Amino acid sequence: MSDRLNVLKTYKLYVGGKFPRSESGRVYEVSDSKGKWLANAPLSSRKDARDAVVAARKAFGAWSGATAYNRGQVLYRVAEMLEGRRDQFVREVAEAEGLSKSKSAAVVDATIDRWVWYAGWTDKIAQVVGGGNPVAGPFFNLSSPEPTGVVAVLAPQESSFLGLVSVLAPVIATGNTAVVVASEKSPLPALSLAEVLATSDVPGGVVNVLSGRTAEIATPLAAHQDVNAIDLAGADEALAKELEIAAADNLKRVLRPQPVDYSETPGIDRMTAFLETKTVWHPTGSLGASGSSY
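My aim in this report is to walk through the structure given alongside it, one point at a time. As the structure is a computational prediction, the values presented were derived from the model and not from experiment.

Topic: helix α6 (residues 162-173)
Reasoning step 1: Along its 12 residues, α6 runs 16 Å from first to last C-alpha, staying within 8% of the 16 Å computed at 1.5 Å per residue.
Reasoning step 2: In terms of burial, α6 is largely enclosed, as 12 of its 12 residues are buried.
Reasoning step 3: For α6, the full list of buried residues reads L162, G163, L164, V165, S166, V167, L168, A169, P170, V171, I172 and A173.
Reasoning step 4: Following α6 by one or two positions, G175 adopts a phi angle in the positive range, close to 100°.

Put into structure tokens, the structure is as follows:
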């Protein structure tokens, strides 16, 4: 028998590129599908939520101002890191969702592929939803998408990894920054994803990960005046209605919860949900002595 003690992992929040404990000092027990204890996860407070919003706002300028090509490179690097830690995530997803090793491996592979898919969209989405508009008069009229700002994301409760990435990746791929509320029942894959983000090229504050009671964390986020949008994927019907009312105070964009098969190709709806359209008018001017126009 080994005489050494196992080194148990201490899971922490991810805020502003750092790993703080919850401001309240609270934790809660996370168990697998059979009720076996897995870990103690941080129980985030309202203060943690406010700190995460501050970090996301601070990171927004540089992240939204980066070139779309650069954001794609950064996101692809995350996929590389996930591939290197594949075995860890296979184990964590299997424990979190009660899956066999083979099914968990399929979920993790699909999650990594999903991240790569969104990384490829960063420099293409503007071509799909933007463009030149025909107008009367000597003007150029150009519409281009711009990120909404700070987005609160309630991760799906049952799909702890594939669902998480499916709602997070489109938010940051389009230049937004995110405050993620991990699955209340199965937060460990999300907290481990934060470790991957910290060791990749994603700037601190672009993604902030909180764990704990979804309703307790989501309520201050929905009412926060510096949160521009909220994805209610992980809220039940009653909580979603309550959060929609709170979000109306500063006219947040709200993506309502809906039945989703996260194994299917997602399309671009979650990217366009958190984009604003900027339209610019510019006179065409004249060319040459004859006064001909473009």
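That shown, we press on.
A short note on the pattern of salt bridges
Reasoning step 1: A full pass over the atoms with the stated rule returns 15 salt bridges.
Reasoning step 2: Between R57 and D226 there is a salt bridge, with the nearest N and O atoms lying 3.1 Å from each other. Of this pair, R57 sits in helix α1 (residues 46-65) while D226 sits in the loop between α8 (214-223) and β8 (229-231), placing them 169 residues apart in sequence.
Reasoning step 3: You can call R57 partly exposed: its relative accessible area is 26%.
Reasoning step 4: Each member of the salt-bridge network shares a partner with another, and the members are K9, R85 and E195.

Observations regarding the environment of N250
Reasoning step 1: Relative to the elements of secondary structure, N250 occurs in the loop between α9 (237-247) and β9 (253-255).
Reasoning step 2: For N250, the residues in contact, after removing those within four places along its chain, are H224, Q225 and V227.
Reasoning step 3: A polar contact of 3.2 Å, which involves the side chain of N250, links it to the backbone oxygen of V227.

A short note on the packing of helix α3 (residues 86-97) against helix α7 (residues 188-198)
Reasoning step 1: Interhelical geometry of α3 versus α7 gives an angle of 160° and a closest axis separation of 9 Å. As far as their axial angle goes, α7 and α3 are roughly antiparallel. Every pair of crossing elements has a handedness; the one defined by α3 and α7 is left-handed. Together, Q88, F89, E92, V93 and A96 of α3 and L188, P189, S192, L193, E195 and V196 of α7 make up the contact between the two elements.

Conventions and cut-offs
- Residue indices begin from 1 for each chain and proceed along its sequence in written order.
- Totals for whole chains, interfaces and linings use every residue, but because this is a predicted model, local features are given only for residues with pLDDT of at least 70 and side-chain atom pairs only at 80 or more, for both listing and counting.
- For side-chain calculations, the full set of non-hydrogen atoms in the structure is used, while hydrogens and water are omitted.
- The secondary structure listing takes helices from DSSP runs of H or I that are at least 4 residues long and strands from runs of E that are at least 2 residues long, numbered from the N terminus.
- The length a helix should cover is 1.5 Å for every residue beyond the first.
- In this scheme, a residue with accessible area under 20% of its type's maximum is buried, one over 50% is exposed, and one in between is partly exposed, where area comes from a 1.4 Å probe on protein chains only.
- When a carboxyl oxygen of Asp or Glu lies within 4 Å of a side-chain nitrogen of Lys or Arg, that pair is called a salt bridge.
- When checking whether two residues touch, look at their non-hydrogen atoms; a contact exists if any pair is within 4.5 Å.
- The definition of a polar contact used here is a pair of N or O atoms within 3.5 Å, where within protein one atom must be able to donate a hydrogen and the other to accept one, and adjacent residues in sequence count solely through side-chain atom pairs.
- Fitted lines through C-alpha atoms give the axes, limited to the stretch in contact for helices. The angle between two N-to-C directions lies from 0 to 180 degrees.
- The labels follow the angle: roughly parallel below 35 degrees, roughly antiparallel above 145, roughly perpendicular from 65 to 115, and oblique for the rest.
- Handedness of a helix crossing follows the sense of rotation of the near helix relative to the far helix, less than a right angle counterclockwise being left-handed and clockwise being right-handed.

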